[in-house]
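# An overview of the molecular structure
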Amino acid sequence: MKNLRKTAFLSATILLVVCCTAKVDKTSNHAQEKDLADPELSLSGVPASAVPSGTSFVLTVSSKSGGDIYVESDNPAFVLLQAKSNREYLISAASVKDREVTVSVWQEEDDTYSEATKEFSFQIQGTVKGALPGLDDELSGTVVTYTESNKSPINPERGLYRMFEIKSASDIISASDVKARRAQGNAVFMLEFYLMDFMKENISSSYIRNMRDCFNAIREGGAKAIVRFAYTNQWIAGEDEEPPVYIVMNHVKQIKPVLQENEDVIFVMQAGFVGTWGEWTSTTHFEIEDRKNLCDALLEALPSSRQIGLRTAYHKRKMYNLSYKDTVTQATAHDGSLISRIGGHNDCLVSVSEDHGTYKCVEDRDYWMAETRYTIMGGETCELCEWCQCEHYLQELADFHWTYLNAGYHDGVISRWKTGGCYDEIVDNLGYRLVFKDVSYETLEAGKPCKLTIRMENKGYAAPMNPRLAYLVWKGSDGKEVKSPLGADPRTWHSGYNSVVTMFTPTTAQGTLYLELSDPLLPDNPLYSIALANDQVFDKNTGYNKLFEVN
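All values reported here derive from a predicted model rather than from experimental measurement. Along each chain, the written sequence defines residue order, and numbers are assigned to residues from 1. This being a predicted model, a pLDDT of at least 70 is required before a residue's local features are given, and a value of 80 or more before pairs of side-chain atoms are given or counted; all residues contribute to the totals for chains, interfaces and linings. For side-chain calculations, the full set of non-hydrogen atoms in the structure is used, while hydrogens and water are omitted.

## Some words on the state of the cysteines
When two cysteine sulfur atoms are found within 2.5 Å, that pair is recorded as a disulfide. One pass over the structure, following the stated rule, counts 2 disulfides. Between the sulfur of Cys348 and that of Cys382 lies a disulfide, 1.7 Å long from S to S. Classification of the bridge connecting Cys348 and Cys382 rests on its S-S torsion, roughly 65°, and on that basis the disulfide is right-handed. Here Cys348, found in the loop between β16 (342-346) and α8 (352-357), pairs with Cys382, found in the loop between β17 (377-379) and α10 (390-399); they are 34 residues apart in sequence, far enough to count as distant. Only protein chains enter the accessibility calculation, which uses a 1.4 Å probe; a residue whose area is less than 20% of its type maximum is buried, one above 50% is exposed, and one in between is partly exposed. Cys348 gets classed as buried once you look at its relative accessible area, which sits at 5%. Where helices and strands are cited, they refer to DSSP runs of H or I of at least four residues and of E of at least two residues respectively, numbered from the N terminus.

## Some points on the sheet that holds β17
Either a parallel or an antiparallel arrangement is found when strands of a sheet pair, and the pairing is made through backbone hydrogen bonds. Pairing between two strands requires that DSSP report at least two bridges joining them. Here we have 8 strands rolled up into a closed barrel, ordered β11-β12-β13-β14-β15-β16-β17-β18, and parallel in their pairing. Sheet twist, expressed as the average angle between the axes of neighbouring strands with direction ignored, equals 30°. Two elements, strand β15 (residues 308-310) and β16, share 3 bridges in a ladder whose sense is parallel. Pairing of Leu310 across the sheet is with Gly344, part of β16. Against the sheet, helix α6 (residues 288-301) touches β14 (266-270), β15 and β16, its axis set at about 160° to β15. Any two residues whose heavy atoms approach within 4.5 Å at even a single point are treated as in contact. All axes are obtained by fitting lines to C-alpha atoms, using only the stretch in contact for helices, and the reported angles, taken between N-to-C directions, cover 0 to 180 degrees. Those strands touched by helix α9 (residues 362-371) are β15, β16 and β17, and its axis lies near 120° from that of β16.

## Some details on the packing of aromatic side chains
Geometry of aromatic contacts follows a simple scheme: Phe, Tyr and Trp rings, the Trp one being its six-membered ring, pair when their centres are within 6.5 Å, and the pair is stacked under 30 degrees between planes, edge-to-face over 60, tilted otherwise. This structure, assessed with the given rule, holds 20 aromatic pairs. Where Tyr393 meets Trp417, the ring centres are 5.3 Å apart and the plane angle is 75°; that geometry is what we call edge-to-face. With a gap of 24 residues between them, Tyr393 in helix α10 and Trp417 in helix α11 (residues 411-420) connect regions that are remote in the sequence. Classification of Tyr393 by relative accessible area gives buried; the value is 0%.

## Considerations on the pairing of strand β20 (residues 450-458)
Each regular strand carries side chains that alternate between the two faces of the sheet. For β20, the buried fraction is high: 7 of the 9 residues fall into the buried class. Summarising the sheet, strand β19 (residues 434-441) and β20 pair through 7 bridges and their orientation is antiparallel. By the bridge assignment, Val435 is partnered in β20 with Glu457.

## Considerations on the nonpolar core
Inside soluble globular proteins, nonpolar side chains tend to come together where they are buried. Take the buried residues of types Ala, Val, Leu, Ile, Met, Phe, Trp, Tyr and Cys, join any two whose side-chain atoms come within 4.5 Å, and each joined set is a nonpolar core. Core analysis: the biggest nonpolar cluster contains 76 residues, and Leu191, Phe193, Phe215, Phe229, Met269, Phe273 and Leu294 have the highest contact counts within it. No other element matches the 7 residues that helix α4 (residues 205-220) contributes to this core. Every residue in contact with Phe273, bar those within four places of it in the chain, is listed here: Leu195, Phe229, Ala230, Tyr231, Glu242, Val248, His251, Val252, Ile255, Gly278, Leu294 and Leu298. Ranked by size, the runner-up nonpolar core spans 31 residues in total, among them Tyr441, Leu444, Val501 and Val550.

## Let's talk about the sheet that holds strand β2 (residues 42-44)
If you trace the 4 strands from one edge of the open sheet to the other, you get β2-β4-β7-β6, paired in antiparallel fashion. Here the strands that pair on one side only, and so sit at the sheet edges, are β2 and β6 (79-83). Mean inter-strand twist for the sheet, computed between neighbouring axes without regard to direction, equals 25°.

## Overview of the pattern of salt bridges
Any carboxyl oxygen of Asp or Glu within 4 Å of a side-chain nitrogen of Lys or Arg constitutes a salt bridge here. Taken as a whole and judged by the stated rule, the model has 26 salt bridges. Two residues, Glu261 and Arg212, come together in a salt bridge whose shortest N-O distance is 2.8 Å. A residue pair is termed long-range when its members are at least 10 positions apart, and Glu261 in helix α5 (residues 245-261) and Arg212 in helix α4 qualify at 49 residues. Across the pair Lys546 and Glu549 runs a salt bridge whose closest N-O atoms are separated by 3.2 Å. Classification of Lys546 by relative accessible area gives partly exposed; the value is 29%. Accessibility expressed as a relative area gives 42% for Glu549, which makes it partly exposed. Through salt bridges with shared partners, one network takes in Glu192, Arg228, Glu279, Arg311 and Asp347.

See the structure below:
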């Protein structure tokens, strides 16, 4: 239980640890045994009423135990937890809308006391009661405007990807290669693990070690991985090219620890395992029930923050008994359910015969068009055809909210994009492309809450899809930095115009305000922070986007 709980908290967005070194008297009498069984974990400072957005309160944890204490919010996009001394925690809250959040406190067992948990909920009073300001609305206070960059920033979890095929334990990926390709604009790589040597047995320990080395190279190179497993790259897969179902399911159990360990650098996992190239076609082994069991096992093996991509919309509907109306919606997006964690990949974008089996009918297309607003979509092109014209690709990529696309295949299609004049537009707009339009702030005084309005445009095809932190960072004239939650979830910033109205409290009268959009699992690595596509805004050394400076 201890290890499981610790793993869960380590993968959470906010993790605070306070080590206590107080010694415990272990004299054994009945009264003390009762005491030792109950560390009397208690909390004080819990708010009795709604907390206004942009304000903070102090939570104090009391306990007799010497175990480490972990404090976690169920929604860190709206709550920032900062450890103070003597088991005190500053809790800052911000939200555009009224919302309830929960804070959990878990105390690890020590030599004397068992683990203990406490949790409480509180209401955040949102900053906006009506409609958010529109692009044409006049802003009050001081207004700062921005210039859009004509360059495409290298941002995490989006864009053209490069592929690495790992067919044996000797297929090595170097961090230097990842870094070199990242410098050229590729922050996403596909790791395609071929298990053709393990049709009748477990995956070898040497191959497992190489899997770990591959993820380490991706991490050291500052990139993210699309993950897929397969057994054959032959056109027709049959009994000699695929293992029996029970072998496949056992392989999923074997890779689970590797997937769990590398949550931070996994962008998305394609279902794989079945058929040629793991694309769920040309197989004699997997009926629909087998495929569902495989998909369930993969969702369980993969960290819960990550999604799986299926090759067709048909399989998602068929496996989970969904109608065409049962799509993921704004209300159910990113809610942790299995359905919300299943997206798609189309490996024959814009080709003949409904993208070679990607869609069985028009309803399939409509279904995936709705689904991919809230789930990850990507893939590759596969052939030249009469439909392979820029206008068709631009429409498909936008309609189906594409986030990633193979940079190396199909060569003929990519060449046509370049001659047709749409290549740069596709590269710029895969996934998200966030651009500041303007920002306004009211009277700014040290120690007093200040209202802030940020208006931006997402010119990309999709919103950021994986969990992401969003903080305002005030760097005062005294050189000290103070963070507060923005109060908005970047996963809701879909294509088009977006605005955020929030509050922050500057600690000094002069200073600089930044927006930080960092990775919750790699918060201190600016390579994994989102850069806004504006001139002179992003600082590559800190991962901060500059909003304004007050002198």
